[in-house]
Amino acid sequence: MPIYRAPLEDYRFLLHDFFEVARRGDLPEFTELSAETIDDVLANAGRFCEEVLRPLNQSGDAEGCHFENGVVRTPKGFREAYKAFAEAGWSGLGAPAQFGGSDLPGFLTLLVNEMMQSANQSFAMYPALSMAAYSALAASGAPWMKQHVVPRMVSGEWTGTMCLTEPHCGTDLRLMKTRAVEQDDGTYRMSGTKIFISGGEHDLADNIIHMVIAKIPDESGKIRDDLSMVNFFMVPKYIVKEDGRVGARNGVFCGGIEHKMGIRANATCVLNFEEAVAWRVGPKPASAQGEKRSSSGGMKGMFAMMNAARLGVGVQGIAIAEVAQQNARAWVHERRAGRALTGAQDPDASADPIIVHPDIRRMLLHARAFVEGARAVAVWTALNMAIAHSARPERETAELLADLMTPVIKAFFTDMGFECANLAMQCYGGHGYISDNGVEQFVRDGRINQIYEGANGVQAMDLVGRKLGRKGGAAPLALFDTINRFISDNADDAGLAPFVKPVQTGLGELQGATLWLAQHGLANPNDAGAGAVDYLRLMGIVVVGWMWARMAKLALARLANAPANAALYREKLISARYWMERMMPECATLRARVEAGSATLMAFEAQ
Ligand SMILES: Cc1cc2nc3c(=O)[nH]c(=O)nc-3n(C[C@H](O)[C@H](O)[C@H](O)COP(=O)(O)OP(=O)(O)OC[C@H]3O[C@@H](n4cnc5c(N)ncnc54)[C@H](O)[C@@H]3O)c2cc1C
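Residues numbered from 1 in each chain as written. Predicted model: local features only at pLDDT ≥ 70, side-chain atom pairs only at ≥ 80, totals over all residues. Heavy atoms only, no water.

J.: Can you explain the overall build of the protein? Please cite residues and give values.
T.: Across its full length, the protein holds 20 helices and 11 strands. Radius of gyration (C-alpha) of the protein: 25 Å, near the 25 Å computed for a compact globule of 607 residues. For the protein, the C-alpha atoms occupy an extent of roughly 80 × 60 × 55 Å along the three principal directions. A separation of at least 24 residues holds for 73% of the contacts in the protein among residues at least 6 apart in sequence. Accessible surface computed for the protein: about 25,100 Å², of which carbon and sulfur atoms make up 52%. For the protein, the distance from the average position of its 61 positive side-chain charges to the average position of its 68 negative side-chain charges is 1 Å. (Helix = DSSP H or I, 4+ residues; strand = E, 2+ residues; numbered from the N terminus. Rg over C-alpha atoms; globule rule 2.2 N^0.38 Å. Contact = heavy atoms within 4.5 Å. Areas by Shrake-Rupley, 256 points an atom, 1.4 Å probe, with all protein chains shown as cover. Lys, Arg positive; Asp, Glu negative; His and termini not counted. Charge placed at Lys NZ, Arg CZ, Asp CG, Glu CD.)

J.: Give a detailed account of the packing of helix α5 (residues 106-119) against helix α10 (residues 358-388), specifying residues and quantitative values.
T.: Where α5 meets α10, the axes come as close as 8 Å, and the angle between the chain directions of the two elements is 145°. Crossing geometry of α5 relative to α10 is assigned as right-handed. Contacts from G106, F107, L110, L111 and E114 in α5 reach R375, A378, V379, A382 and L383 in α10. Per-class residue counts for the contact of α5 with α10 are 7 nonpolar, 1 polar and 2 charged. (Axes fitted to C-alpha atoms, helices over the stretch in contact; angles between N-to-C directions. Left-handed = near helix turned anticlockwise from the far one by under 90°. Nonpolar A, V, L, I, M, F, W, Y, C, P; charged D, E, K, R; others polar.)

J.: With reference to specific residues and values, describe the side chain of N113.
T.: By secondary structure assignment, the location of N113 is in helix α5. When neighbours within four sequence positions are excluded, N113 is seen to be in contact with A128, G312 and V315.

J.: Mind laying out the packing of α10 against helix α17 (residues 525-559), listing which residues take part and the relevant values?
T.: One way to put it is that α10 packs onto α17 with a least axis distance of 9 Å and a crossing angle of 95°. If you check the angle between α10 and α17, you find them roughly perpendicular. Packed against α10, whose contacting residues are A369, E372, G373, A374, A376, V377 and W380, the element α17 presents V543, V544, W546, M547, W548, R550 and M551 at the interface. A per-class count over the contact of α10 with α17 returns 11 nonpolar, 1 polar and 2 charged. (Parallel < 35°, antiparallel > 145°, perpendicular 65-115°, else oblique.)

J.: Please provide a residue-by-residue account of the layout of surface pockets, values included.
T.: Volume-wise, the second largest pocket comes out at about 450 Å³. Secondary structure elements with two or more residues in the lining of the second largest pocket: α10, α11 (395-427), α15 (470-489) and α17. Broken down by class, the residue content of the lining of the second largest pocket amounts to 8 nonpolar, 3 polar and 6 charged. (1 Å grid on protein atoms, 1.4 Å probe; cavity = no way out; pocket = protein on both sides within 12 Å on 5 of 7 lines; lining within 4 Å. Points joined across faces, edges and corners; volume = space filled by probe spheres on them.)

J.: Just give me the short version of empty space enclosed by the protein, but keep the residues and values in it.
T.: Tallied over the full model, the rule gives 5 cavities of 30 Å³ or more. Taken as a whole, the largest cavity encloses approximately 70 Å³ of empty space. Considering the residues around the largest cavity, the lining is formed by M1, P2, I3, Y4, R54, N57, Q58, S118, A119, V323, Q441 and F442. Looking at the lining of the largest cavity, the elements that each hand over two or more residues are α3 (57-63), α5 and α13 (439-447). Tallied by class, residues from the lining of the largest cavity come to 7 nonpolar, 4 polar and 1 charged. The calculated volume of the second largest cavity comes to roughly 40 Å³.

J.: Mind laying out the packing of aromatic side chains, listing which residues take part and the relevant values?
T.: Here the distance between the centres and the angle between the planes together describe a pair of aromatic rings. Inspection of the entire model under this criterion finds 15 aromatic pairs. Linked through ring pairs, F48, F78, Y82, F85 and F123 together constitute an aromatic cluster. Of note, R249 hangs over the ring of Y238, and the distance from its end group to the ring centre comes to 5.6 Å. The ring of F418 is capped by R447, whose NZ or CZ atom sits 5.5 Å from the centre of that ring. (Phe/Tyr/Trp six-rings, centres within 6.5 Å; stacked < 30°, edge-to-face > 60°. Lys NZ or Arg CZ within 6 Å of the ring centre and 35° of its normal.)

J.: Quick one: what's the story with the site of the ligand, residue by residue and with numbers?
T.: Contacts to the ligand come from 20 residues, most closely from M162, T165, T171, F196 and S198. G170 has a polar backbone atom sitting 2.9 Å from an oxygen atom of the ligand. F196 is positioned with one of its backbone polar atoms (N or O) 2.8 Å from a nitrogen atom of the ligand. With the chains in place, 62% of the 980 Å² that the ligand exposes on its own is no longer accessible. Of all the elements in the fold, those that place two or more residues in the shell around the ligand are β3 (158-163) and β5 (188-198). (Near = heavy atom within 4 Å. Polar contact = N/O pair within 3.5 Å; in protein donor to acceptor, adjacent residues only side chain to side chain.)

J.: Residues and numbers for the environment of A265, please.
T.: Inspection of the secondary structure assignment puts A265 in the loop between β10 (252-257) and β11 (268-280). The spatial distance from the C-alpha of A265 to the C-alpha of A497 is 48 Å, given a sequence separation of 232 residues. Once residues lying within four places of it in the same chain are set aside, the contact partners of A265 are G60, D61, C65, P75, F78, S122 and Y126.

J.: Run through the pairing of strand β4 (residues 179-182), naming residues and quoting values.
T.: One ladder, built from 4 bridges, connects β4 with β5; its direction is antiparallel. Along β5, the bridge assignment pairs R179 with S191. If you look at the hairpin formed by β4 and β5, you'll find 5 residues sitting between the two strands, and G186 has a positive phi there, around 90°. (Pairing = 2+ DSSP bridges.)

J.: Go over the nonpolar core, please, and point to the residues and values.
T.: Counting 203 residues, the largest nonpolar core has F107, Y535, M539 and W579 as the members making the most contacts within it. What Y535 contacts, discounting residues up to four positions off in sequence, is L463, V464, L468, F480, L510, A513, T514, L517 and V594. (Core = buried A, V, L, I, M, F, W, Y, C linked by side-chain atoms within 4.5 Å. Buried < 20%, exposed > 50% of the residue type's maximum accessible area, 1.4 Å probe, protein only.)

J.: Which residues make up helix α18 (residues 566-583), and what are the values?
T.: Taking 1.5 Å of rise per residue, the 18 residues of α18 would be expected to cover 26 Å, and the 25 Å separating its terminal C-alpha atoms lies within 8% of that figure. Here α18 has its buried residues at A566, L568, Y569, K572, L573, S575, A576, Y578, W579, M580 and M583. Taken together, the buried residues of α18 touch α1 (8-18), α10, α11, α16 (497-520), α17 and α19 (586-595). (Expected span 1.5 Å × (residues − 1).)

J.: Kindly report on the environment of N384, identifying the contributing residues and their values.
T.: Mapped onto the fold, N384 is located in helix α10. When the C-alpha atoms of N384 and A398 are compared, they prove to be 4.8 Å apart, with 14 residues separating the residues in sequence. Setting aside residues up to four positions removed in sequence, N384 forms contacts with A398, L401 and A402.

J.: Go over the pairing of strand β6 (residues 207-215) with me, naming the residues and quoting the values.
T.: As a general feature of sheets, a regular strand has side chains that alternate between the two faces. Of all 9 residues in β6, 9 are buried; the element is thus mostly enclosed. Alignment of β3 against β6, held across 6 bridges, turns out to be parallel. Within the sheet, the bridge partner assigned to W158 lies in β6 and is N207. Bridge count between β6 and strand β7 (residues 230-236): 7 bridges; the pairing is antiparallel. Note on β7: the bridge partner recorded for I213 is F232.

J.: Just give me the short version of the state of the cysteines, but keep the residues and values in it.
T.: A full pass over the atoms with the stated rule returns 0 disulfides. C269 supplies the cysteine sulfur nearest to C65, a cysteine that is in no disulfide, at a spacing of 7.7 Å. Summary of cysteine pairing: C269 is not part of a disulfide, and the nearest cysteine sulfur, belonging to C254, is at 4.0 Å. Looking at C269, the relative accessible area reads 0%, which means it is buried. (Disulfide = S-S within 2.5 Å.)

As far as function goes, none of this settles anything; it's purely spatial.
And the structure:
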């Protein structure tokens, strides 16, 4: 069975040594936060993931979910694990205390989520989607929803879903057909079909709160392919009255579950809405005759939910790379084949362990450098989100940076997560392709992360088409400025040059590509579309590189004082050097690809 060890040592390095989070008492939710509390939360969550969730990962994958007469059963052990999860209070870790949550900062939820996703992605998705759903309700729901529904989701008594996708549309939600018609009592009746709904039906909780987007027809009863008709609704499986009492079964039914490549223990459901009672979330849309409807304020809640979910999916990329490389690392010390190129390392044995081979080390280090660099970027982004909600003068910049990083984290981290899982499998040779060893499951599970929550190509379009140009390019300028400051502050430090110089070169490529897109993308949008995926990867590599240069600086400073945990800092320097030597050179290639434009792609006869 695959192993998993919560990476607590790296968390401690990152949170206490590098970001010094316990010293940020001026930020909301950080006032009472001590290093001991942080370590306790992470250690307890880590134990739960290692001891309860991990042992169910392979068996859950083999068994899958069961569907019979509209009822979904999760694999053996999932119900008990979910009960233990909810009873321990993990479902409300980041929720405000007013809803019964622990009110802990976003970076802690992020790391706990990472451990859960490493240990058992299928299981972790049930509560992860609930958290996204209750956050939207807590932000935009009516007072009675906040009083009676949100606390029951926070406690884990009920779960939640996000229902966007329909059979004919996942990316282009303008085309959706699900409709919600207003009733005299202010509720709506919803009809339509949503597909691919994660956790849409299951046996883990008593009620499921579906957060659904649907169109409100115009005065003539028609719907158009127009996003302005789309509104955000709450549709409970069992009706919840405004006084909190739970009523009859609602008209939302599971029509089946998908058989799929990975995350087989997570129920991916067809949901049929048959005149289901729905409550609009957010203010009432304009409805006067002749007045063009605009999306309701509830859509803001939905976008907040989707952004939170995107970061969560990005973290799944880190998580799958972490667990895959942990297993590969164990394997390559046991498996023997060939001899070290410089002479036998273990002459008494018939062959050396395969860790002696440079190529095996390349594959392991690729994952290691990605995981720890990406984790730093993810925590930095969570801290920026906290700063954005504070009174600090830099809050606007922090918001811009967090917003800019959202598609990069979602797409670059999940692409790399899959790449690293695949390399981990390669370390096993043929044994990686065999189910028993469990590493192929990580490849299968990690593949979906590149697709759902907005396919990665669409994330790249969001970055290039929306995020770059917003507010006169304020977000990329803030990023370039932040990295440039680090470069100029450390330009004279010869010991840091192997880290600062590659970041400077990479940033130059990123700035050049940005300028090229600004000059060409507006004149020919196909040029922006053709370069978007390479541009996003370029930005991802540079930001992770900058984070590695900063961590290298800290490691060098610590090593100068011969610390007890010198091995950790030496490993940090090795990972940092790997990123500089092997990833940063890709920047020039990526820029060249961006600047190749779209002519060849558009000349391609695709028939
Ligand atoms: C296991 C699983 C779980 C899921 N869970 C949920 C869930 O809980 N809730 C939910 O609502 N949905 C869920 N989804 C749906 C998922 O979010 C969509 O499948 C995804 O957003 C892509 O939509 P699509 O499949 O319709 O692909 P399409 O929209 O048909 O896109 C196909 C391809 O075309 C590309 N493309 C489309 N439009 C553009 C464009 N404008 N520019 C560039 N490229 C473009 C896409 O990048 C993609 O590569 C899930 C899907 C799966 C498989």
